[in-house]
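Understanding the architecture of this molecule
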Amino acid sequence: MEKNKIDRRNFIKLGSLGATVVITWPLLNSCNGFASENKNTINPDFQADLDFELTAKETDIQLFQGNTTKVWMFEGNVLDGDKTTVQKLGKSYLGPIIRVRKGQKIRVRFKNQLPEESIVHWHGMHVPEEDDGHPKDVIANGETYVYEFEIMNRAGTYWFHPHPHGRTGPQVYNGLAGLFVVTDDEEQRLKLPSGEYDVPVVLQDRQFDNNNQLVYLNRGRMDRMNGFLGNRILINGNPDMKLSLKSGCAYRLRFLNGSNSRFYKLAWEDGTPLVIIGKDGSLLDSPKSKPYVMLGVAERIDVWLDLKNRPQGSQMIMKSLSFSPGMMGMMGGMMGRGRNNLPLGSTYEILKINIDKTGSNDFELPQRLAEFNKLDPATAVNRNNPRTFRFFMRRMQWTINGRTWEMTGVTEEETVKLNTTEVWEIVNRGGRMMGNDDMMGERGWMRNRGEMDRDRGMMGGGMQMPHPFHIHHLQFNILERDVSGVDSRIWNSVKDGFIDEGWQDTVLLMPGMSVKLIMRFEDFKGLFLYHCHNLEHEDMGMMRNFKIE
Ligand code: C2O
Ligand code: CU
Ligand code: CU
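Here the structure is a predicted model, which is why all the values come from computation and not from measurement. (Residues numbered from 1 in each chain as written. Chains lettered and ligands numbered in written order. Predicted model: local features only at pLDDT ≥ 70, side-chain atom pairs only at ≥ 80, totals over all residues. Heavy atoms only, no water.)

Overview of the overall build of the protein
Across its full length, the protein carries 10 helices and 30 strands. Expressed as a percentage of its 549 residues, the buried residues of the protein come to 60%. Long-range contacts, defined as pairs at least 24 residues apart, comprise 81% of the intrachain contacts of the protein with a sequence gap of at least 6. (Helix = DSSP H or I, 4+ residues; strand = E, 2+ residues; numbered from the N terminus. Buried < 20%, exposed > 50% of the residue type's maximum accessible area, 1.4 Å probe, protein only. Contact = heavy atoms within 4.5 Å.)

Describing the nonpolar core
Counting residues in hydrophobic clusters, the biggest one holds 45 residues, and the most contacted among them are W424, I426, F469, I471, F476, L517 and F546. Considering every element that reaches this core, the biggest residue donor is strand β28 (residues 514-521), with four residues. Excluding residues within four positions of it along the chain, F546 makes contact with V410, E414, V416, W424, I471, H472, F521, G526, L527, F528, L529 and Y530. The next biggest cluster of nonpolar side chains, apart from the first, holds 44 residues, and it includes L243, L295, V303 and A370. (Core = buried A, V, L, I, M, F, W, Y, C linked by side-chain atoms within 4.5 Å.)

Some details on the sheet that holds strand β13 (residues 250-257)
The mixed open sheet is built from six strands, whose spatial order is β11-β10-β13-β18-β15-β16. Because the sheet does not close on itself, it has two edges, and the strands there are β11 (232-235) and β16 (282-290). With strand direction ignored, the average angle separating the axes of adjacent strands in the sheet is 30°. Across seven bridges, the pairing between β13 and strand β18 (residues 300-306) is antiparallel. When the sheet's bridge partners are listed, L253 is paired in β18 with V303. (Pairing = 2+ DSSP bridges. Axes fitted to C-alpha atoms, helices over the stretch in contact; angles between N-to-C directions.)

Some points on the coordination of the copper ion (ligand 3)
Around the copper ion (ligand 3), the protein contributes the donor atoms H467 (ND1), C532 (SG) and H537 (ND1), at 2.0 to 2.1 Å from the metal centre. Donor residues for the copper ion (ligand 3) sit on one chain with the sequence pattern H-x64-C-x4-H. Residue H467 is found in strand β25 (residues 467-471), and its partner H537 is found in helix α10 (residues 535-539); the two are separated by 70 residues along the sequence. Here H467 and H537 have matching classes, each one buried. (Donors = N, O, S within 2.8 Å, 3.2 Å for Na, K, Ca; no water.)

Quick word on the pattern of salt bridges
This model, assessed by the stated rule, comprises 36 salt bridges. Here D51 makes a salt bridge to R107, at a shortest N to O gap of 2.8 Å. On the criterion of sequence distance, the pair formed by D51 in strand β1 (residues 50-61) and R107 in strand β5 (residues 105-112) is long-range, its members being 56 residues apart. No difference in accessibility class separates D51 from R107, as the two residues are buried. (Salt bridge = Lys/Arg side-chain N within 4 Å of Asp/Glu carboxyl O.)

Some remarks on the sheet that holds strand β23 (residues 415-416)
Strands sit in the order β23-β30-β29-β25-β27 across an open sheet of five strands; the sheet is mixed. The strands lining the two open edges of the sheet, one partner per strand, are β23 and β27 (506-509). By the bridge criterion, three bridges tie β25 to strand β29 (residues 526-532) in an arrangement that is antiparallel. Bridge pairing in β29 places F469 opposite C532.

Quick look at the coordination of the copper ion (ligand 2)
Only H121 (NE2) and H470 (NE2) from the protein reach the copper ion (ligand 2) as donors, at distances of 1.9 Å. On the criterion of sequence distance, the pair formed by H121 in strand β6 (residues 120-123) and H470 in strand β25 is long-range, its members being 349 residues apart. Relative accessible area serves as the criterion here: at 0%, H470 is assigned to the buried category.

Some points on unusual backbone geometry
Look at M396: it is not a glycine, yet its phi comes out positive at around 60°. Assignment of secondary structure puts M396 in the loop between β21 (387-394) and β22 (397-400). Positive phi, normally seen in glycine, also occurs at N419, with a value near 65°. For N419, the position within the fold is in the loop between β23 and β24 (420-427). Owing to a relative accessible area of 47%, N419 belongs among the partly exposed residues under this scheme.

Side note on the pairing of β25
Extensive coverage of β25 is indicated by the burial of five of its five residues. Burial along β25 is two-sided: H467, F469 and I471 and P468 and H470, pointing in opposite directions, are all buried. Pairing geometry for β25 and β27, over four bridges, is antiparallel. If you follow F469 over to β27, its bridge partner there is V507.

What about the confidence of the model for the protein?
Any region with low pLDDT has predicted coordinates that should not be read closely. Residues of the protein with pLDDT of at least 70 account for 84%, and the chain-wide mean is 88. Here residues 1-36 scores under 50 on pLDDT; set against residues more than four positions off or in separate chains, the count is 38 contacts. (pLDDT = per-residue confidence, 0-100.)

In structure tokens, the structure reads:
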């Protein structure tokens, strides 16, 4: 892969020499495709409505009193177009909020000033392969990658983050992520809360040392198998988890779980139901009222919050309620003791809303939101024979159908046809015996019996963990969620928290769970990713390509 990239650069450099082009061209063409060859220059024929630089760089910010904190961050700089559409989020490390409209054309000049390779992925967006931020397209320090694409998605809450293979976890952890908000005519007609009443709430967990510096995983492989769990929650990149809102007003809160591995069971502390109006890539057809919502890594929900009858001076608190997460939680609890006061699945505060001002607005919650044309299973080419992808551990590796990451590798069972609709079944369970067969049966990878016992002990004898499934390039509908294989203790603790309506790109699978998704491959051929969005799992190879041809 490195090789391809070097070829590509040589090609660009040699381009003016004429003769070389003739020799190099077919070679390149067969590797990466024609369109991706000039991604460090702009296409002058592409008329961008918004043209901006997005620079990833290292910097120091004042998060706490005392020492500043070294972070990595995205900085936006609008070159052409409405400057207010790339909006910095306070003093935090988080990237700017980018607000665009369906049908707009945007050009992003991603500049890598990090001390390592990177590439930016537009999570949830329907873009061509060369604009998707595939790990094969990473650029080195000092280089620029130019994205030029049209916004084809519906109104929704999307986001962007780096996607270099093996380094997504640490790069996001260091601060690289931002919201990418799309609106469209349908949404505009609903007159939902906008401006100061449309509030981002990005949830992340972090850990800081005594010098205020970020601490990432350092305890080796078992820690990474589990995934990173921090010991404090940051909202929009700020360690004080407060928002200050106005009595008398209605709000739209856009939640993104931007954590590496942690997921949440979100609820208002006083028992007020959560009113959900959107999920990932869409508004719902109508508002859904929930006692709590499970928000897996990378998932988004849009929450309606009515403060019309809440007095000034009052407060609302959002918590993550307790639940049984399966193995990951046991490890978080067991290994984390002394180091982590926020084991996964315990109860803790997420966010305080201080209603310390008063105001008024006349936004009303519409009873009908978006027109919702779910894909029809009858139109799927494999209606009764879904493609099945099992997420499980094999020989101490996180795998999908037993395979791990290959940069451009793609198999027959991962190849689909353009302009078809398919049903995919994603299963969090695998191997011969609930995923721990290799541990029991194939001992080659273990050095000795003691090590096996230790690891089995840590894993509680099973190898199942929650996995947030994500697919690039498209939004799917959830057809069904099969929970018959889920331990009842786990299921009972989360069962009212899933939103299966709307267009989604990420779905949380608890251990033993499987989901049937329906999706359509349209507009672009190419190589795209599907993976577990637990960033440590992803970095360890629980990620594969699929190909649309
Ligand atoms: Cu958030 Cu591969 O994506
Ligand atoms: Cu994505
Ligand atoms: Cu996973």
